[in-house]
Amino acid sequence: MGNRLFQEARKAVLQVKQAASGQADIELGRAVSIAKNALSSAYAHSNTAEKAQLRQFQAELDQFTP
């Protein structure tokens, strides 16, 4: 089915985007914190292709952090 940590990281970044646009019931800063942790965990347990996608997710997340 795939890497569970990778899937969680992808969902967490999506949640940040939703929080930023007011479509999620979570504060943006909290969503960003969760996403950072999820990306870190996923990166440590991912293959090369997944790591490339995780770097893209990190770039997307960077748009929401100062």
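Scroll up to find the structure this text is about.
Given the structure is predicted, the values throughout are model-derived calculations rather than measurements. (Residues numbered from 1 in each chain as written. Predicted model: local features only at pLDDT ≥ 70, side-chain atom pairs only at ≥ 80, totals over all residues. Heavy atoms only, no water.)

Caption draft 1: Spatial organisation of the side chain of N3. Assignment of secondary structure puts N3 in the segment before α1 (4-20). A polar side-chain atom of N3 sits 2.9 Å from the main-chain amide nitrogen of L5. One polar contact links N3 to S46, side chain to side chain, over a distance of 3.4 Å. Discounting residues that sit within four places of it in the chain, N3 has contacts with H45, S46 and E50. (Helix = DSSP H or I, 4+ residues; strand = E, 2+ residues; numbered from the N terminus. Polar contact = N/O pair within 3.5 Å; in protein donor to acceptor, adjacent residues only side chain to side chain. Contact = heavy atoms within 4.5 Å.)

Caption draft 2: Structural context of the packing of aromatic side chains. Going through the model one piece at a time under the given rule, you end up with one aromatic pair. When the centroid spacing of 5.7 Å and the interplanar angle of 40° are considered together, the rings of F6 and F57 count as tilted. Highlighted residues: F6 in helix α1 and F57 in helix α3 (residues 48-62), separated in sequence by 51 residues. Positioned over the ring face of Y43 is K51, at 5.1 Å from the centre of the ring. (Phe/Tyr/Trp six-rings, centres within 6.5 Å; stacked < 30°, edge-to-face > 60°. Lys NZ or Arg CZ within 6 Å of the ring centre and 35° of its normal.)

Caption draft 3: Expanded view of the pattern of salt bridges. Here the structure, examined in full by the defined rule, presents two salt bridges. Between R4 and E8 there is a salt bridge, and its shortest N-O distance comes to 2.4 Å. A residue pair is termed a helical-turn pair when its members lie 3 or 4 positions apart in one helix, as R4 and E8 do in helix α1 at four residues. With relative accessibility at 55%, the residue R4 sits in the exposed group. Residue classification places E8 among the partly exposed positions, given a relative accessible area of 37%. Where K17 meets E60, a salt bridge forms, and the shortest distance between an N and an O atom there is 2.6 Å. In this pair, K17 sits in helix α1 while E60 sits in helix α3, placing the two residues 43 residues apart along the sequence. Look at E60 and you get buried, because its relative accessible area is 18%. (Salt bridge = Lys/Arg side-chain N within 4 Å of Asp/Glu carboxyl O. Buried < 20%, exposed > 50% of the residue type's maximum accessible area, 1.4 Å probe, protein only.)

Caption draft 4: Layout of the environment of K36. Counting through the fold element by element, K36 comes out in helix α2 (residues 28-44). Each C-alpha atom, one on K36 and one on L61, is 8.1 Å from the other, the two residues being 25 residues apart in sequence.

Caption draft 5: Examining the nonpolar core more closely. In this structure, A9, V16, A35, L39, L54, F57 and L61 are the most contacted members of the largest nonpolar core, which totals 16 residues. Those residues within four positions of V16 in sequence are excluded, and the remaining contacts are L28, A31, V32, A35, L61 and F64. (Core = buried A, V, L, I, M, F, W, Y, C linked by side-chain atoms within 4.5 Å.)

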